[in-house]
Amino acid sequence: MSDGIRDQGSRYLEIDGVRGIAILMMVIFHLVFDLGYFGIFPVSTSSGFWRYFGLSTASLFLLIVGVSFSLSYARTADMISGWQLYRKFLYRGAGIFALGILVTLGTWWYLGEGYVIFGILHLIGISIILAPFFYRFGASNLLTGGICILIGLAIGNITGPAWLLPLGIHPAPFWSVDYTPLFPWFGVVLIGMGVGSLLYPDGMRRFSLPFSLPGWSSVLEFAGKHSLVIYLVHQPIIILLLLVFTGKVPV
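Residues numbered from 1 in each chain as written. Predicted model: local features only at pLDDT ≥ 70, side-chain atom pairs only at ≥ 80, totals over all residues. Heavy atoms only, no water.

K.L.:
Can you lay out helix H4 (residues 120–130) for me, pointing to particular residues and giving the numbers?
P.N.:
With respect to burial, H4 is a largely interior element, 9 of its 11 residues being buried. Taken together, the buried positions of H4 are Ile120, Leu121, His122, Leu123, Ile124, Gly125, Ser127, Ile128 and Ile129. Check the buried side of H4 and you find it contacts helix H2 (48–77), helix H3 (82–110), helix H6 (182–199) and helix H8 (227–246). (Buried < 20%, exposed > 50% of the residue type's maximum accessible area, 1.4 Å probe, protein only. Helix = DSSP H or I, 4+ residues; strand = E, 2+ residues; numbered from the N terminus. Contact = heavy atoms within 4.5 Å.)

As structure tokens, this is what we get:
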């Protein structure tokens, strides 16, 4: 998954590296999920260790989405402003959301029940569209994001019509293999924006790394730079490999 934002100027290796870690965690989580979902191995990702591993993965990635947005917006605002500035992120967000729609259609065709409804790509797309309105609040987004998370926890068990799904209110019964509503998850993006404003004010790193990155970190950096492509192709590749080695994946 990628936040769809290319930083202007130099990239910061620590951000690509952390995003790469999140992508690696995502691939591991989805492999474990597929093993259980297709009945290949008796493992559950809905409780216990793997549930918290999945929540940690999504949280880490969305945190980096917020940090990256803070960087990109600050750098872009040095060159353009007003409607032209907002339009840039509107188009980027819409593009990511459109990819989310393709994921919805693909999982509806392949899985049927439990297909992706407002998954993480949908969330990232909408978050990029909304984030410019919150950028001005800087470090205060730490508080705003926390409030957003608390709202999500408060309404998480509330049922309602399907058109409220993006907000975190859903019909009963409801189940999706990837459901990442704005409440609470946009709150994590906002917290990332708050962190970005503190660590990278005006889009520039204001600190030095206290350590040297090991040679193998280049793999994580590569994954972080190409996270959107990895997100789009990793599940079909996992399913194909499971089919080849076990023959148990339905096609």
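K.L.:
Mind laying out the packing of aromatic side chains, listing which residues take part and the relevant values?
P.N.:
Considering all chains together, one arrives at 18 aromatic pairs under this definition. Seen in terms of ring centroids, Phe49 and Trp50 are 5.0 Å apart; in terms of plane orientation they differ by 75 degrees. Their pairing is edge-to-face. What makes Trp50 partly exposed here is its relative accessible area of 22%. Each ring, one from Tyr73 and one from Phe89, has its centre 5.3 Å from the other, and the planes form 35 degrees; the classification is tilted. With Tyr73 in helix H2 and Phe89 in helix H3, the pair connects residues that are 16 residues apart, well separated along the chain. (Phe/Tyr/Trp six-rings, centres within 6.5 Å; stacked < 30°, edge-to-face > 60°.)

K.L.:
Outline the packing of helix H5 (residues 141–155) against H6, supporting the account with residue identities and numerical values.
P.N.:
In contact at an axis separation of 7 Å, H5 and H6 are set at 165 degrees when each is read in the N-to-C sense. Classified by the angle their axes make, H5 and H6 are roughly antiparallel. Here the hand of the crossing between H5 and H6 comes out left-handed. From H5, Asn141, Leu142, Thr144, Gly145, Gly146, Cys148, Ile149, Ile151, Gly152 and Ile155 reach across to H6, where they touch Leu182, Phe183, Pro184, Phe186, Gly187, Val188, Leu190, Ile191, Met193, Gly194, Val195 and Leu198. Considered class by class, the residues forming the contact of H5 with H6 number 15 nonpolar, 7 polar and no charged. (Axes fitted to C-alpha atoms, helices over the stretch in contact; angles between N-to-C directions. Parallel < 35°, antiparallel > 145°, perpendicular 65-115°, else oblique. Left-handed = near helix turned anticlockwise from the far one by under 90°. Nonpolar A, V, L, I, M, F, W, Y, C, P; charged D, E, K, R; others polar.)

K.L.:
A description of the UniProt feature "transmembrane region" (unreviewed entry) in the protein chain should follow, citing residues and the corresponding values.
P.N.:
With numbering matched to this structure, UniProt assigns "transmembrane region" (unreviewed entry) to residues 21–43, 49–69, 89–109, 115–135, 142–163, 183–200 and 228–247. A helix fraction of 100% and a strand fraction of 0% characterise residues 49–69, whose end C-alpha atoms lie 30 Å from each other. (UniProt positions renumbered as here; feature names shortened; annotations may be inferred.)

K.L.:
How would you summarise the side chain of Thr107 if you had to cite specific residues and measurements?
P.N.:
Positionally, Thr107 belongs in helix H3. Thr107 gets classed as buried once you look at its relative accessible area, which sits at 15%. For Thr107, the contacting residues outside a window of four places in its chain are Gly112, Tyr115 and Val116.

K.L.:
So what about the nonpolar core? Which residues, and what values?
P.N.:
Counting residues in hydrophobic clusters, the biggest one holds 32 residues, and the most contacted among them are Leu62 and Ile124. Put simply, the parts of the chain that give this core at least two residues each are helix H1 (13–37), H2, H3, H4, H6 and H8. Top contributing element to this core by residue count: H6, with 7 residues. The next biggest cluster of nonpolar side chains, apart from the first, holds 7 residues, and it includes Ile40, Ile239, Leu242 and Val249. (Core = buried A, V, L, I, M, F, W, Y, C linked by side-chain atoms within 4.5 Å.)

K.L.:
Kindly report on unusual backbone geometry, identifying the contributing residues and their values.
P.N.:
Here the bond from Ala172 into Pro173 is cis, since omega is -5 degrees, no more than 30 degrees from zero. Mapped onto the elements of the fold, Pro173 is located in the loop between H5 and H6. At Asp202, a position not held by glycine, the phi torsion is positive, near 60 degrees. Along the chain, Asp202 falls in the loop between H6 and helix H7 (217–225). Relative accessible area serves as the criterion here: at 55%, Asp202 is assigned to the exposed category.

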